[in-house]
Structure formats: structure tokens, C-alpha cells
Amino acid sequence: MRIKAGGTPRNPGAGMNRNKRQKQRMEGEQSPSPGCDAGERKMRRKDREVTDTARILELIRRCEVCRVAMFDETYPYIVPMNFGMSREGEPLALYFHCAPAGKKLELMQRNGLVSFEMDCTRRLVTGARACDTSMEYESVCGCGHLERCGAQEKEYGLARIMAHYCGEKAYAFDRAVLEKTVVLRLAVHAVTAKTNIG
């Protein structure tokens, strides 16, 4: 399933991204390919698939950690990260923050195509027999393109992360800390969701 955002984008990075894409088309440069079929592949357990956009977004809001998988030389590299979400623009965007140096930034610079996973409502269900034991879950998986936010978008991305954990309100950030913080945006190309609850 592909999620598209409607309305007029208020994300300061949205306009910049459109200008960049227009420039790429004029110069004949190819934009990064989605490189995943998460939104096209049919889920085997259709009875557990979540297809309603509003419900998928609600699941994302209830998740506390997003695990991002990146291309590495031999094995995939995966890292759990705090995150925020924005629907102000197209496509859906996830925001992360990190130090100005490290392995994930090195891998992102080589290949920004990533996958991600998040889950919530985990509850163990036990029975009289071992085979009756199960786990209730709700999960969201997807893929997209990860890139570093510019100076104009950095504070917006941090505000989305704060809003995810502390609620929607105005946030002020220390300029000295901002200069030492890297903010990343994951433009989601496709997303799927699944649950065995209800």
C-alpha cells in the first residue's frame, strides 16, 4: 500500500525537494529509485493486513522505536531509533536525529535506500499446551529514501520527533545543540501494516 499525503505542504523541506526533483528532470539526472515492492507485494495472510491509511498512521503514532535497515558490504546494518512523523507534504516522512558522525551516516551517503520496521501492542498469550502460546502484535514495515535535512528543515524535524513523544506544541531548541545535531528524513515510498488483534 502506498500512502500519499494531501493538502498544501507546510513542511519547509517539501518545497525544496520539489525544486530539487525539477532540477534533476531538467538536467536529466535520475532521482533515487524506491527500490522496494513493499506496497505492491500481496500479503499472504490477508486476514491480518491493515489497509486503512488512518489506522496505519495511528499504529505509527503508538510505536516508540523505528528500526532502520541499511545496505552494508556483507550483512545488512540495522539500528533502532527514536523518530517523528510528518504528513505535511508528499510522501509520508519519518524524522530521526543522530550525532554528526557514525556508521549509519557513512552507509546513507553510499546508498540512501533503506527499509524500516516498528511494532507495538505486544502481549504474550499462553495456553495449556506449548503450541497454544502466541504473541499479539501490531506492526508496520516499509521502505524509502533516507537523507540528511538541510538547515531550514532541521528544527522542523526535531519538533516532529518531540511531538511524537511529548505531544503537539511549540518547542525551542538550543542553537549550540542544533549545530551539533544531524536530522535525517526518510521519505516513505511504500508501507504495509499487519496485526493479529481483533
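### Overview of the overall build of the protein chain
Piece 1. If you tally the helices and strands in the protein chain, you get five helices and eight strands.
Piece 2. Ordered by position from the N terminus, the helices and strands of the protein chain form the series α-β-α-β-β-β-β-α-β-β-α-α-β.
Piece 3. Counting the 198 residues in the protein chain, one finds 39% classified as buried.
Piece 4. In the protein chain, the share of contacts with a sequence separation of at least 24, taken over all contacts with a separation of at least 6, comes to 74%.
Piece 5. Summed over all atoms, the accessible surface of the protein chain reaches about 11800 Å², with 50% contributed by carbon and sulfur.

### Things to note about the nonpolar core
Piece 1. Among the nonpolar cores identified, the biggest contains 32 residues, and I60, L94, F96, F116 and M118 are the most heavily contacted of them.
Piece 2. Tallying contributions element by element places strand 8 (residues 182-195) first for this core, with six residues.
Piece 3. Beyond its immediate chain neighbours, meaning those up to four positions away, L94 contacts C66, F83, G84, M85, F116, M118, L184, R185, L186 and V188.
Piece 4. Residues A93, Y95, L178 and V183 belong to the second largest nonpolar core, which totals eight residues.

### A short note on the packing of aromatic side chains
Piece 1. Counted according to the given criterion, the structure contains one aromatic pair.
Piece 2. An angle of 75 degrees between the planes, with centres 5.7 Å apart, marks the rings of Y95 and Y156 as edge-to-face. Here Y95 is found in strand 5 (residues 93-98), whereas its partner Y156 is found in helix 4 (residues 151-166), with 61 residues between them in sequence.
Piece 3. Taking the relative accessible area as the measure of exposure, Y156 reaches 16% and is therefore buried.

### Looking at the environment of A170
Piece 1. In this structure, A170 sits in the loop between helix 4 and helix 5 (175-179).
Piece 2. Residues A170 and A159, eleven residues apart in the sequence, show an inter-C-alpha distance of 7.8 Å.

### A short note on helix 3 (residues 103-110)
The periodicity of an α-helix, 3.6 residues per turn, causes residues three or four places apart in sequence to face the same way.
Piece 1. Turning to helix 3, its buried residues are K104, L105, L107 and M108. The arc that holds every buried residue of helix 3, seen down its axis, measures 165 degrees, which confines them to one face. Seen from the open side of helix 3, the exposed residues pointing more than 90 degrees away from its buried face are Q109 and R110.
Piece 2. Here the buried face of helix 3 lies against strand 2 (66-70), strand 3 (77-81), strand 5, strand 7 (134-148) and strand 8.

### Comments concerning the confidence of the model for the protein chain
Piece 1. When pLDDT is averaged along the protein chain, the result is 82; 77% of the residues meet or exceed 70.
Piece 2. Here helix 1 (residues 12-27) is the element of the protein chain with the lowest mean pLDDT, 43, and strand 2 is the one with the highest, 98.
Piece 3. Throughout residues 4-10 the model reports pLDDT below 50, and contacts reaching past four residues in sequence, or to other chains, amount to ten contacts.
Piece 4. Of the regions scoring below 50 in pLDDT, residues 14-35 engages in 15 contacts with residues more than four places distant in sequence or in other chains.

### Some points on helix 4
Piece 1. Helix length check: helix 4 (16 residues) gives 23 Å between terminal C-alpha atoms against 22 Å at 1.5 Å per residue, within 8%.
Piece 2. Those residues of helix 4 lying buried are E153, K154, Y156, G157, L158, R160, I161, A163 and H164.

### Quick notes on the pairing of strand 7
Piece 1. Pairing of strand 6 (residues 113-125) with strand 7 involves eleven bridges; the strand directions are antiparallel. Considered in strand 7, the bridge of V125 is made with S134.
Piece 2. The sheet contact formed by strand 7 and strand 8 spans eleven bridges and is antiparallel. When the sheet's bridge partners are listed, E138 is paired in strand 8 with T195.

Calculation criteria
Residues numbered from 1 in each chain as written. Predicted model: local features only at pLDDT ≥ 70, side-chain atom pairs only at ≥ 80, totals over all residues. Heavy atoms only, no water. Helix = DSSP H or I, 4+ residues; strand = E, 2+ residues; numbered from the N terminus. Buried < 20%, exposed > 50% of the residue type's maximum accessible area, 1.4 Å probe, protein only. Contact = heavy atoms within 4.5 Å. Areas by Shrake-Rupley, 256 points an atom, 1.4 Å probe, with all protein chains shown as cover. Core = buried A, V, L, I, M, F, W, Y, C linked by side-chain atoms within 4.5 Å. Phe/Tyr/Trp six-rings, centres within 6.5 Å; stacked < 30°, edge-to-face > 60°. Arc of directions from axis to C-beta. pLDDT = per-residue confidence, 0-100. Expected span 1.5 Å × (residues − 1). Pairing = 2+ DSSP bridges.

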